[in-house]
Amino acid sequence: MAAPMPARRILRCLSAVLLTLSSALATAEVADPNVVVDTSSLPPIAVNAPEGNPYRGNPRAAEIGRAAFNQACSRCHGIDAVNKGQVGPDLLKMDRSCPRIADPVVRQLCVLDQDDFFLKSVQDGKTRVGVVHMPAWKEVLSPAAIWTIRSFLESSSR
Ligand code: HEC
């Protein structure tokens with residue numbers, strides 16, 4: 001009959017498991033703190049600005065957003081947001097549904113809702129059952145920087 005496992009051995013096994021788990025957590029996704037997005041050439045966003053992307057349709061913003069995207073997001077969403085099997089969803093398909101809405105008022109509400117979803121997704125990241133699928137960017141990217149990225153994605157939407 002096999003002797004029962006001594007308590008010390010059980011403890012050693014447990015601590016090995018814990019060590020493996022904690023190193024897995026330590027390598028969890030974080031927002032790259034070296035990303036720099038210069039939005040100083042764009043009009044500042046007024047405190048009481050209306051909701052939604054203030055840079056929609058601004059080609060300079062889209063250009064800044066493209067560079068920002070390729071620094072911060074391309075690793076998981078593809079260079080220029082062209083997803084070639086990266087882990088993240090295809091962001092160029094995000095804006096397909098609103099343009100199909102015939103009623104202009106409802107269409108505008110749809111766009112505002114997408115804007116809000118985008119800003120929050122990027123600021124807070126995506127965590128499911130404790131696993132970070134996408135890091136939170138709010139400490140690294142200003143709202144203005146995030147809107148330039150949204151402008152870039154909209155200008156390339158397909
Ligand atoms: C470490 C990989 C990673 C990085 C870096 C990353 N993302 Fe993501 N992103 C993901 C994953 C994975 C999802 C899907 C998560 C989920 O739904 O649980 C996601 C989801 C999203 C969504 C929601 C899309 C939808 O339709 O549900 C948006 C918007 C988004 N990311 C934008 C960005 C932007 C902008 C950046 C750069 C500032 C970025 N992501 C950087 C991995 C990443």
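In the block above lies the structure referred to throughout.
Notes on the structure follow. Keep in mind that what you see is a predicted model, and the values were worked out from it rather than measured. (Residues numbered from 1 in each chain as written. Predicted model: local features only at pLDDT ≥ 70, side-chain atom pairs only at ≥ 80, totals over all residues. Heavy atoms only, no water.)

Time to look at the packing of aromatic side chains. Scanning the model with the defined rule gives 1 aromatic pair in all. Centre to centre, the rings of phenylalanine 69 and phenylalanine 152 are 5.7 Å apart; their planes meet at 50°, and the pair counts as tilted. Taken together, the positions of phenylalanine 69 in helix α2 (residues 59–72) and phenylalanine 152 in helix α5 (residues 143–156) put the pair 83 residues apart, joining distant regions of the chain. A relative accessible area of 0% places phenylalanine 69 in the buried class. (Phe/Tyr/Trp six-rings, centres within 6.5 Å; stacked < 30°, edge-to-face > 60°. Helix = DSSP H or I, 4+ residues; strand = E, 2+ residues; numbered from the N terminus. Buried < 20%, exposed > 50% of the residue type's maximum accessible area, 1.4 Å probe, protein only.)

What surrounds the ligand is a group of 22 residues, the closest being Cys73, Cys76, His77, Arg128 and Met134. Contacts to the ligand include histidine 77, whose side-chain N or O atom sits 2.8 Å from a nitrogen atom. Note that an oxygen atom of the ligand is positioned 2.5 Å from one of the side-chain N or O atoms of arginine 128. Ranked by residue count, the leading element in the shell around the ligand is helix α4 (residues 104–124), at 4 residues. For the shell around the ligand, the residue count by class is 14 nonpolar, 4 polar and 4 charged. (Near = heavy atom within 4 Å. Polar contact = N/O pair within 3.5 Å; in protein donor to acceptor, adjacent residues only side chain to side chain. Nonpolar A, V, L, I, M, F, W, Y, C, P; charged D, E, K, R; others polar.)

With that settled, consider α4. The end-to-end C-alpha distance of α4 is 30 Å, a good match for the 30 Å that 21 residues give at a rise of 1.5 Å each. Taken as a whole, α4 has its buried residues at Cys110, Val111, Gln114, Asp115, Phe118, Leu119, Ser121, Val122 and Gln123. The elements touched by buried residues of α4 are β1 (126–128), β2 (131–134) and α5. (Expected span 1.5 Å × (residues − 1). Contact = heavy atoms within 4.5 Å.)

Here we come to the pairing of β2. Judged from the 3 bridges that link them, β1 and β2 form a sheet pairing that is antiparallel. For lysine 126, the partnering residue across the bridge sits in β2 and is methionine 134. Connecting the antiparallel pair β1 and β2 is a turn made up of 2 residues, with valine 129 showing a positive phi of about 35°. (Pairing = 2+ DSSP bridges.)

Once that is clear, we can look at the coordination of the iron atom of the ligand. Surrounding the iron atom of the ligand are the protein donor atoms His77 (NE2) and Met134 (SD), at 2.1 Å. Around the iron atom of the ligand sit 6 donor atoms, and with donor-metal-donor angles ranging over 84 to 179° the site reads as octahedral. Pair noted here: histidine 77 is in helix α3 (residues 74–77) and methionine 134 is in strand β2, with a separation of 57 residues, a long-range link. By relative accessible area, methionine 134 is classed as buried at 19%. (Donors = N, O, S within 2.8 Å, 3.2 Å for Na, K, Ca; no water. Tetrahedral: all angles 85-135°; square planar, octahedral: opposite > 155°, others 65-115°.)

As a further point, take the nonpolar core. Nonpolar side chains tend toward joint burial in soluble globular proteins. The biggest cluster of nonpolar side chains holds 28 residues, and the ones touching the most others in it are Phe69, Trp137, Leu141, Ile149 and Leu153. Among the elements of the structure, α2, α4 and α5 are those that each provide at least two residues to this core. Of the residues forming this core, the biggest block, 7 residues, is contributed by α5. Those residues in contact with isoleucine 149, other than ones at most four positions away along the chain, are Gly65, Ala68, Phe69, Cys73, Phe118 and Leu141. (Core = buried A, V, L, I, M, F, W, Y, C linked by side-chain atoms within 4.5 Å.)

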